[in-house]
Amino acid sequence: MVTEFDPRDLADIIRRPIITEKATRLLELNQYTFEVPPKARKPQIKAAVEYLFDVKVTAVNTMLPPRKKKRVGKFQGYKPQYKKAIVTLAEGNSITLFPDV
């Protein structure tokens, strides 16, 4: 099933790369972690990464982490909801997250 996505919408799907200790370890396995909107689906994420970074994606794993509480004075709320996507690239492809560091 091949679905065409509008390239103007694909730029809004990838919000930012997530740089943590676990995400840095996954870079050795050619897996990159991105923050995406909670309503983004796997085919959309795959199309966005392939379009924006000009790479071949082999797998997309997503997770919806639990919301964390946030308190400001006597008022309690929650941090905004987000979805984490771990994208596995084909052999030989890579994304430059740190240019000239």
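Peer 1: So what's going on with the sheet that holds strand S1 (residues 16–17)? Which residues, and what values?
Peer 2: Across the sheet, which stays open at both edges, the four strands sit in the order S1-S2-S6-S3 with antiparallel pairing between neighbours. The two strands at the open ends of the sheet, each matched to only one other strand, are S1 and strand S3 (57–63). Across six bridges, the pairing between S3 and strand S6 (residues 83–89) is antiparallel. Looking across to S6, one finds that Val57 is bridged to Leu89. Where helix H3 (residues 42–53) meets the sheet, its contacts fall on strand S2 (31–36), S3 and S6, and the angle it forms with S3 comes to roughly 130°.

Peer 1: Tell me what's going on with the environment of Glu4, and back it up with residues and numbers.
Peer 2: By secondary structure assignment, the location of Glu4 is in the segment before helix H1 (7–10). Remark: the alpha-carbon pair of Glu4 and Glu91, spanning 87 residues in sequence, is separated by 24 Å.

Peer 1: Explain the nonpolar core to me, using residue names and the numbers behind them.
Peer 2: Soluble globular proteins: nonpolar side chains tend toward being buried together. With 18 residues, the main nonpolar core has Ile13, Ile45, Val49 and Leu89 as its most contacted residues. Sorting the residues of this core by element identifies S2, H3, S3 and S6 as the ones contributing at least two each. No other element matches the four residues that H3 contributes to this core. With residues near it in sequence (within four places) discarded, Val49 still touches Ile14, Phe34, Asp54, Val55, Val57, Val87, Leu89 and Ile95.

Criteria and cut-off values
Residues numbered from 1 in each chain as written. Predicted model: local features only at pLDDT ≥ 70, side-chain atom pairs only at ≥ 80, totals over all residues. Heavy atoms only, no water. Pairing = 2+ DSSP bridges. Helix = DSSP H or I, 4+ residues; strand = E, 2+ residues; numbered from the N terminus. Contact = heavy atoms within 4.5 Å. Axes fitted to C-alpha atoms, helices over the stretch in contact; angles between N-to-C directions. Core = buried A, V, L, I, M, F, W, Y, C linked by side-chain atoms within 4.5 Å. Buried < 20%, exposed > 50% of the residue type's maximum accessible area, 1.4 Å probe, protein only.

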